[in-house]
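# Residue-level structure breakdown
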Amino acid sequence: GRCGSQPRGPAGTARAPWISLPVAATLFEGGLTRKLRGLGENAAVITRLLTVGVLVTWGLATAAGHFIAGLPAETALVLGAILTVTGPTVIGPLLRQIRPRGPSEAIAKWEGIVVDVVGATLAVLVLHAVVEGAGAEGARHTLSTAALDLGKTALVGTVIGLAGAGLLGFALRRHLVPDGLESPLSLGGVLLAFAGADSLAHESGLLAVTLMGFRLANRRDLSVHHIVEFKENLRVLLISTLFIVLAATVQVDAMLATGWRGVAFVAALILVVRPACVLASTIGTRLCHRDRAFLSMLAPRGIVAAAVSSLFAIRLQEVNVPGSELMAPLAFMVIIGTVAIYGLSAGPIARRLGISDPDAQGTL
């Protein structure tokens, strides 16, 4: 179930590092931009989006995958778990263009980063349940080990992430490396922490690198501005390359074969699943209706959804799970559809709601 080790065979083995390592670098960069002071009064909403919101999205996306897209229940469960993630590489540029005022910007940024770790971990556990839980005995075994797997993932990711941040922060603060090598050193440390954690526990590498970046960003005795700038430039190159690699694995005919069901599935995620997620996560909070409406129309899927769906589809096909050949095409339809629709509509909606900077410039 590890993001970097699932595919088997020559093609899958060669492709796995290209998928997992750029995702690790992206999540580390996202963690570097998240400071605790950005939470403030939004902590309750963000926490509920990462708990209640994830469960609501998983349940409704699974139902939509089964009843609308026509997937078997097992495959729908895995795809629904994968689609609980959004996409910091998509949300970030959108927010920089829209420049919303109020709490919605901070909430969307925090959700985009942390939900990738939560969603990817959930997807790994669901995949494990589907692959290993055949029969009543297997199901009981899966239920008994799921909690242990989750605990191990959290423990390993937390320990290695904080240890990696401590060692890297010590080297940077004591100037043990030349200034020109600080950014390459941080990248090497991130990849080492990701690979080390992931080899010990399923998907703990994602948690480790996110915590590593978050801890470094919130150290008062350390400046990481130059590392953030380097990672932002590197992210553009990595993500662009990675999307080409992943998109090349999906046949156009496979996407067209989903027909009206695929289009209806994307529409259900946008019009039903996301608004329900935000509504369930903000009931009883002080978030105003304008921010709720804006967050309900902002859930584009990005590179983590593409990477995990491609890897997991290979794993499910290896064990002959029915409908697994449709998972990656549906995921890419969701990515294309949500990025296009949210990208075109989020700006006008924010301006209509009166929460966007009216002087925002640019087209793309």
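Residues numbered from 1 in each chain as written. Predicted model: local features only at pLDDT ≥ 70, side-chain atom pairs only at ≥ 80, totals over all residues. Heavy atoms only, no water.

One pass over the full model with this rule turns up 2 salt bridges. Of the charged contacts, one joins Lys 109 and Glu 105 as a salt bridge, the two residues approaching to 3.3 Å between their closest N and O atoms. One end of the pair is Lys 109 and the other is Glu 105, both in helix α6 (residues 104-132) and 4 residues apart, which spans about a single turn. Classification of Lys 109 as partly exposed rests on a relative accessible area of 27%. (Salt bridge = Lys/Arg side-chain N within 4 Å of Asp/Glu carboxyl O. Helix = DSSP H or I, 4+ residues; strand = E, 2+ residues; numbered from the N terminus. Buried < 20%, exposed > 50% of the residue type's maximum accessible area, 1.4 Å probe, protein only.)

Moving on, we come to the environment of Ile 270. Its place among the elements puts Ile 270 in helix α12 (residues 259-282). Owing to a relative accessible area of 3%, Ile 270 belongs among the buried residues under this scheme. Sequence-wise, Ile 270 and Ile 341 are 71 residues apart; in three dimensions their C-alpha atoms are separated by 8.8 Å. Beyond its immediate chain neighbours, meaning those up to four positions away, Ile 270 contacts Pro 275, Ser 296, Met 297, Gly 337, Thr 338, Ile 341 and Tyr 342. (Contact = heavy atoms within 4.5 Å.)

It is worth spelling out the layout of surface pockets at this point. Approximately 380 Å³ is the volume attributed to the second largest pocket. In terms of lining, the second largest pocket is formed by 18 residues, of which the most central are Val 114, Val 117, Val 118, Leu 207 and Leu 211. Elements that contribute at least two residues to the lining of the second largest pocket include exactly α6, α7 (135-173) and α9 (204-217). In terms of residues, the lining of the second largest pocket owes the most to one element, α6, which gives 8 residues. Class assignment for the residues of the lining of the second largest pocket results in 13 nonpolar, 4 polar and 1 charged. (1 Å grid on protein atoms, 1.4 Å probe; cavity = no way out; pocket = protein on both sides within 12 Å on 5 of 7 lines; lining within 4 Å. Points joined across faces, edges and corners; volume = space filled by probe spheres on them. Nonpolar A, V, L, I, M, F, W, Y, C, P; charged D, E, K, R; others polar.)

Moving on, we come to the nonpolar core. In terms of nonpolar packing, the biggest core is built from 95 residues, with Phe 265 and Phe 312 touching the most fellow members. In terms of residue count, α6 provides more of this core than any other element does, 13 residues in total. The contact partners of Phe 265, leaving out residues within four places of it in the chain, are Ala 61, Ala 64, Gly 65, Ile 68, Ala 69, Leu 79, Leu 83, Leu 330 and Val 334. (Core = buried A, V, L, I, M, F, W, Y, C linked by side-chain atoms within 4.5 Å.)

By the element assignment, Thr 51 lies in the loop between α2 (43-50) and α3 (52-67). On the basis of relative accessible area, Thr 51 is assigned to the partly exposed category, the value being 40%. A sequence separation of 230 residues divides Thr 51 from Ser 281, and the C-alpha atoms of the two residues are 8.3 Å apart. Engagement of the side chain of Thr 51 in a polar contact is seen with the backbone oxygen of Thr 47, the distance being 2.8 Å. (Polar contact = N/O pair within 3.5 Å; in protein donor to acceptor, adjacent residues only side chain to side chain.)

On to unusual backbone geometry. At Arg 99, a position not held by glycine, the phi torsion is positive, near 55°. On the secondary structure map, Arg 99 appears in the loop between α5 (88-98) and α6. A positive phi angle is found at Asn 320, which is not glycine, with a value near 60°. Note that Asn 320 resides in the loop between α14 (303-318) and α15 (327-353). We classify Asn 320 as exposed; its relative accessible area is 66%.

Coordinates in, geometry out; function isn't part of it.
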